[in-house]
Amino acid sequence: MNETHDPHLECWVRSAHAADTDFPIQNLPFGIFRRSHSDDEPRAGVAIGDQILDVTTWLSEGLFDGAAAEAAARCALPTLNALMALGNEAASSLRRGIVGLLRSDGIGYENFKRLGDACLTPMKGAQLYAPVQIGDYTDFYASVYHATNVGSMFRPDNPLLPNYKFVPIGYHGRASSIVVSGTDIVRPSGQTKDSKSETPSFGSTRMLDYESELGIFVGRGNSLGAPISIQRAPDHIFGFCLVNDWSARDIQAWEYQPLGPFLAKNFATSVSPWVITSEAIEPFRAPAFVRPAADPTPLSYLDAPTDREKGSIQLFLEVWLQSGMMREQNIPATKLSRTAFGSMYWTPAQLLTHHASNGCNLRTGDLLGSGTISGESKTERGCLLELTWKGAEPLLLPTGEERRFLEDGDEVIMRGYCEREGYARIGFGDCGGMVLPSKEI
Ligand code: CA
């Protein structure tokens, strides 16, 4: 850790000191923005309080130098990939430079008085874009509680398959349908077959669900054929975001054997707009999940003392829902669940190392989803399939409406934050999306 994590840092952007802000000076996540109603091209900015710092403007004023200036020069582009490809040390130099400008005793405020909106723009007056050009997307299944719950619904006699505690299970997802928070989600149609019918039919999904996950962005990649050791894995993780892996459970149930999820998952995946850097996460590193004594220890390529000691993250995730009727009646979103990332069976480094262990090349900007983050208790379940136990135990909304699965007009909002005594709380910003009716084929 370094001076950028100091909880006593003072910042001249007042909203960065608000008790409920996700973006204090200790966070400084990167995103892609454009001032609404401007001719600007989308480019990289840094969230601070309720504002966005325009890195390009500060660079053109000569306010960064050395490695920070080199990294800042990659921020004039419409994705973060070029910055991420420089590696975590470069992003770290830029982070130190930005802290130097934003701290109350630095030279930033004098320049802000001169440059105004050109260097710092209100978030509410800006449009946010998907932060990264994602080449490949892989989704894992790293919560043993989620895997056990889902398994026991579909295979009551055999909920957890014998490979689960040895292999981080995953599948290749689809990058083309990844969208930024705020993008509407059209209800997908597909083939489904209920147990009473002999043949399937095609139509709108009746079991639309969300999955609350952590997204892991690959920074520097690896060459084809060159695996990444568990010790080196953290150097390849640029940062994190929230992910909603929208899922159609009835389509999934009919199609998933023998090759796994396909059209039940690839119609949309939402990501939060800000990339929380690995460096910002540093104060919240936490021990990996402690496996019960009866469980196998990970095979040696997935095991390292550093990963056991600090491979996980002290991170909490919440899912909120506002139905169309709630919106009409001005009833705010209601919280459906809260869970801790620390209950995940596999760490981000284990997922990354396993992915590249056969020589598969990960590239800058690739996204790894953690899998649905569910804890041991009922209130910690990260999808409706588990929360309502496949619809058998519907949730009651403040309007009196029941929910088994998502209805048209429902907005799902995911939130995440790292919190630890002695450090400034840092948040991820919302990952939201509203369900729209199906379209005819
Ligand atoms: Ca998933």
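These numbers were taken from a predicted model, which means no experiment stands behind them.

Draft legend 1. Broad picture of the domain arrangement of the protein. Looking at the protein, the domain boundaries give domain 1 (3–129) and domain 2 (137–436). Each of domain 1 and domain 2 has a C-alpha centre, and these two points are 29 Å apart. Listed per partner, the contact involves 32 residues of domain 1 and 29 residues of domain 2. Around 2300 Å² of area is buried between domain 1 and domain 2 when both sides are counted, 61% of it from carbon and sulfur atoms.

Draft legend 2. Layout of the pairing of strand β14 (residues 237–244). Of all the eight residues making up β14, eight are buried; the element is thus mostly covered by neighbouring parts of the structure. In this sheet, β14 lies alongside strand β13 (residues 212–218) in antiparallel orientation, the contact comprising seven bridges. Residue pairing in the sheet places V218 in a bridge with I237 of β14. Two elements, β14 and strand β17 (residues 276–277), share two bridges in a ladder whose sense is antiparallel. Residue pairing for β17: G239 is matched across the bridge by T277.

Draft legend 3. Structural detail: the packing of aromatic side chains. Using the criterion set out here, one finds 12 aromatic pairs in the structure. Measuring from ring centre to ring centre gives 6.2 Å for Y141 and Y164, while their planes differ by 75°; the resulting arrangement is edge-to-face. Highlighted residues: Y141 in the loop between β6 (137–140) and α6 (144–154) and Y164 in the loop between α6 and β7 (170–172), separated in sequence by 23 residues. We classify Y164 as buried; its relative accessible area is 3%. Each ring, one from Y145 and one from F289, has its centre 6.4 Å from the other, and the planes form 80°; the classification is edge-to-face. Taken together, the residues Y145 in helix α6 and F289 in the loop between β18 (285–286) and α9 (305–310) connect sequence positions 144 residues apart. By relative accessible area, F289 is classed as buried at 18%. By way of ring pairs, the aromatic residues Y141, Y145, Y164, F289, Y345 and W346 are connected into one cluster.

Draft legend 4. Inspection of the nonpolar core at higher detail. Y210, I313, L406 and F428 are the most contacted members of the largest nonpolar core, which totals 61 residues. Excluding residues that lie within four positions of it along the chain, I313 makes contacts with L214, F240, I281, F284, R285, A286, F341, G342 and C418. One finds L63, A71, L101 and A175 within the second-largest nonpolar core, a separate group that totals 48 residues.

Draft legend 5. Focus on the sheet that holds strand β2 (residues 43–48). An order of β4-β3-β2-β1-β5 is seen for the five strands of this open sheet, with the pairing classed as antiparallel. Looking at the sheet topology across the chains shown, the edges are occupied by β4 (120–122) and β5 (126–129). This sheet shows a mean twist of 45° between the axes of neighbouring strands, independent of strand direction. With four bridges connecting them, strand β1 (residues 30–35) and β5 associate as antiparallel partners. Across the sheet, I32 pairs through a bridge with Y129, a residue of β5.

Draft legend 6. Layout of unusual backbone geometry. Here the amide bond leading from Q257 into P258 is cis, since omega sits at 10°, within 30 degrees of zero. By the secondary structure assignment, P258 is in the loop between α7 (249–255) and β16 (269–271). Even without a glycine there, the phi angle at H37 is positive, about 55°. One can find H37 in the loop between β1 and β2. On the basis of relative accessibility, which here comes to 85%, the residue H37 falls in the exposed class. Of note in this structure, N330 is not a glycine but carries a positive phi near 55°. Mapped onto the fold, N330 is located in the loop between α10 (324–328) and β21 (334–340).

Rules used in this analysis
Residues numbered from 1 in each chain as written. Predicted model: local features only at pLDDT ≥ 70, side-chain atom pairs only at ≥ 80, totals over all residues. Heavy atoms only, no water. Domains from an automatic or database assignment. Contact = heavy atoms within 4.5 Å. Buried area = accessible area lost by both parts, 1.4 Å probe. Buried < 20%, exposed > 50% of the residue type's maximum accessible area, 1.4 Å probe, protein only. Helix = DSSP H or I, 4+ residues; strand = E, 2+ residues; numbered from the N terminus. Pairing = 2+ DSSP bridges. Phe/Tyr/Trp six-rings, centres within 6.5 Å; stacked < 30°, edge-to-face > 60°. Core = buried A, V, L, I, M, F, W, Y, C linked by side-chain atoms within 4.5 Å. Axes fitted to C-alpha atoms, helices over the stretch in contact; angles between N-to-C directions.

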